[in-house]
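Architecture and fold: a report
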Amino acid sequence: MLNNLKPQAPDKILALMEEYRADERDQKVDLGVGVYKNAEGETPIMRAIHKAEKQVWDNETTKKYAGLAGQPEFHAAMAEMVLGKGYPADRLACLSTVGGTGACRMGFELARMANPGTKIWVSDPTWPNHLSILKFMDQDFTTYRYFDAETRSVDFDAMMEDLKGAKEGDIVLLHGCCHNPTGANLTLEQWGKVADLLAETGAVPMIDLAYQGFGDGLEADAAGTRLIAERLPEVLIAASCSKNFGIYRERTGCLMVLGSEETKKTVQGNLAYLNRQTYSFPPYHGQALVTRVLTDPELRADWEAELEEVRTGMLELRQQLADELRKLSNSDRFDFVAEHRGMFSRLGATPEQVAAMKEGNAIYMVGDSRINIAGLNKNSVPLLARALIDAGV
Ligand code: PLP
Ligand code: TYF
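Note that the structure is predicted; figures quoted are calculated from it, not measured.

So, on to the overall build of the protein chain. A count of helical and extended segments in the protein chain gives 14 helices and 13 strands. Relative to its length of 393 residues, the protein chain is compact, with a C-alpha radius of gyration of 21 Å against a globular reference of 21 Å. With the C-alpha coordinates of the protein chain rotated into their principal frame, the extents come out at 60 × 55 × 55 Å. Split into buried and exposed, the 393 residues of the protein chain put 46% on the buried side. Sequence-distant contacts in the protein chain: of pairs separated by 6 or more residues, those separated by 24 or more amount to 75%.

Looking at the assigned domains, one finds that the protein chain contains domain 1 (10-44 + 311-390) and domain 2 (65-295). Each of domain 1 and domain 2 has a C-alpha centre, and these two points are 28 Å apart. On the side of domain 2, 23 residues touch domain 1, which itself brings 18 residues to the contact. Residue contributions to the side of domain 1 that touches domain 2 peak at three residues, all from strand 11 (residues 344-346). Tallied by class, the residues present in the side of domain 1 that touches domain 2 amount to six nonpolar, six polar and six charged.

A separate point is the sheet that holds strand 4 (residues 141-145). In spatial order, the strands read 2-10-9-8-7-3-4; together these seven strands make up an open sheet with mixed pairing. Two strands close off the open sheet at either side, each with one partner strand: strand 2 (92-98) and strand 4. Going across the sheet, the axis of each strand differs from the next one's by a mean of 25°, ignoring polarity. Here five bridges tie strand 7 (residues 171-175) to strand 8 (residues 204-209), and the two strands are oriented parallel to one another. In the strand pairing of strand 8, V172 is matched with P205. The sheet strands contacting helix 6 (residues 156-163) are strand 3 (120-124), strand 4 and strand 7, and the helix crosses strand 4 at an angle near 145°.

Here the focus is the site of ligand 1. Residues in close proximity to ligand 1 total 14 residues, the closest being G99, G100, T101, S240 and S242. In terms of residue count, the dominant contributor to the shell around ligand 1 is helix 4 (residues 99-114) (four residues). The class makeup of the residues in the shell around ligand 1 is four nonpolar, nine polar and one charged.

A word on the UniProt feature "domain: Aminotransferase class I/classII large" (unreviewed entry) in the protein chain. Mapped onto this numbering, the UniProt entry gives "domain: Aminotransferase class I/classII large" (unreviewed entry) at residues 27-388. The straight-line gap between the two end C-alpha atoms of residues 27-388 is 16 Å; of that span, 45% is helix and 15% is strand.

Membership of the largest hydrophobic core comes to 113 residues, with the highest contact counts inside it found for V82, V172, L255, M256 and V293. The greatest single-element share of this core, amounting to nine residues, is contributed by helix 11 (residues 297-329). Summarising the domain contributions, this core has at least three residues from each of domain 1 (10-44 + 311-390) and domain 2 (65-295). Setting aside chain neighbours within four positions, we find L255 in contact with L95, T97, A103, M106, G107, L236, A238 and L271.

Bringing the confidence of the model for the protein chain into the picture now. Interpretation of this model should avoid reading the predicted coordinates in detail wherever pLDDT is low. When pLDDT is averaged along the protein chain, the result is 97; 100% of the residues meet or exceed 70. Scoring of the predicted complex yields 0.97 for pTM and 0.98 for ipTM.

Looking at ligand 2, the residues that line it are D11, I13, L14, V33, G34, W127, N129 and N180. Residues of the shell around ligand 2, tallied by class, amount to four nonpolar, three polar and one charged. Two domains each provide a minimum of three residues to the shell around ligand 2, namely domain 1 (10-44 + 311-390) and domain 2 (65-295).

Further remarks concern the packing of helix 11 against helix 14 (residues 380-390). Close contact between helix 11 and helix 14 brings their axes to 9 Å; oriented N to C, the two are set at 40°. The pairing of helix 11 with helix 14 is recorded here as oblique in orientation. Pair helix 11 / helix 14 crosses with right-handed handedness. Between helix 11, through L317, Q320, L321, E324, L325, L328 and S329, and helix 14, the contact on the second element is made entirely by V381, P382, L384, A385, R386, L388 and I389.

In terms of burial, strand 10 (residues 252-258) is a largely internal element, seven of the seven residues being buried. Residues T252, C254, M256 and L258 line one face of strand 10 and the alternating positions G253, L255 and V257 line the opposite face, and both faces are buried. Where strand 2 and strand 10 come together, seven bridges link them in antiparallel fashion. Bridging from a neighbouring strand, L92 pairs with L258 of strand 10. Across six bridges, the pairing between strand 9 (residues 235-240) and strand 10 is antiparallel. Its bridge partner being in strand 10, L236 is matched across the sheet by V257.

Attention now goes to the environment of M137. By the secondary structure assignment, M137 is in the loop between helix 5 (128-136) and strand 4. Given 14 C-beta atoms within 10 Å, M137 falls into the partly exposed group. Each C-alpha atom of the pair M137 and R105 lies 9.1 Å from the other, and the pair is 32 residues apart in sequence.

Cut-off values and rules
- Residues numbered from 1 in each chain as written.
- Chains lettered and ligands numbered in written order.
- Predicted model: local features only at pLDDT ≥ 70, side-chain atom pairs only at ≥ 80, totals over all residues.
- Helix = DSSP H or I, 4+ residues; strand = E, 2+ residues; numbered from the N terminus.
- Rg over C-alpha atoms; globule rule 2.2 N^0.38 Å.
- Buried ≥ 20, exposed ≤ 12 C-beta atoms within 10 Å, placed from the backbone.
- Contact = placed C-beta atoms within 7 Å.
- Domains from an automatic or database assignment.
- Nonpolar A, V, L, I, M, F, W, Y, C, P; charged D, E, K, R; others polar.
- Pairing = 2+ DSSP bridges.
- Axes fitted to C-alpha atoms, helices over the stretch in contact; angles between N-to-C directions.
- Near = placed C-beta within 6 Å.
- UniProt positions renumbered as here; feature names shortened; annotations may be inferred.
- Core = buried A, V, L, I, M, F, W, Y, C linked by C-beta atoms within 7 Å.
- pLDDT = per-residue confidence, 0-100.
- Parallel < 35°, antiparallel > 145°, perpendicular 65-115°, else oblique.
- Left-handed = near helix turned anticlockwise from the far one by under 90°.

Given below as structure tokens:
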């Protein structure tokens, strides 16, 4: 039986991580996988998470099974963080999931259960895992134009043109903020236009929110999602806690589904059903940490402060890189680096140029020339800028 299996292509981002690890050169720079790193190249446990972990350790009295759909207090805390105080609890159903990836997967599954003929519209480009999950599910999907390779900003006219083709009951997947892999994002005004178009066509938005707090701030990064949630009758939101709480390996995420007061109970039942069919109970520990951090005022203030340090640190690196490139190229053609938001920017280098920087400069970026800004520090920014110019980017 097992000899029927075919080899699977490895995840390119994770494979690059291995390649970097095996590189024995001293001065190597890892701009690959989307994990936050401080100036020392470490991914520390956030202070508030560390404290919350101690509290959980001190107070937890049992390890028996918890909620099948997750913990209601986690759902409430997440809903408030994403949708704001006064979110419409009477029409919101929530599911705790295995990371944001699990939330995406369950969102796709729920959409298919609700509408077996649904087509899923994803941005071109999008996070490669979206595509691989959809292919694995044998789910009908298509892309909409998103990124203007020339200006490295959103090609909004093309996006709107393509999304006019989305039909009632189709799913339109949008990145809530900090678009992965491009770094180019919609303005709030553009979110409003997308909302109008979706209202016209009856297509249902699904928002992947994996980097809230990494772009313009915790509230600002949720603004597009909140606008969509206010204007449209049905919305799916796949939120990840991996980045903004720094709890990658705890696998903590939440799928939120906004419908009507009438559909809420059945949606909630279907969500729990999806967990049960897949792995029964979702991981508990990360939910407990996030709930404590969000609901304890002292922990929350400390977490927000540290998240803000992370965010502004990345913005400073963006500015430094843009300034350096302005100097070296004698032009403003790299100014987009400072305009982009989040961990990533797609620089627009060719695969050959990306390979040349890996071989010649030990600078590792994803093949589409996506860099993880947090992989840089003050010393490596000039190295990257120099390598980009020397490679002819
Ligand atoms: N969506 C996007 C766009 C991502 O970049 C990620 C990766 O971190 C995720 C979802 C989900 O991440 P995780 O499953 O680690 O929470
Ligand atoms: O895009 C990234 O780098 C992050 C981390 O299979 C990641 O989202 C990468 C690949 C993967 C899961 C997570």
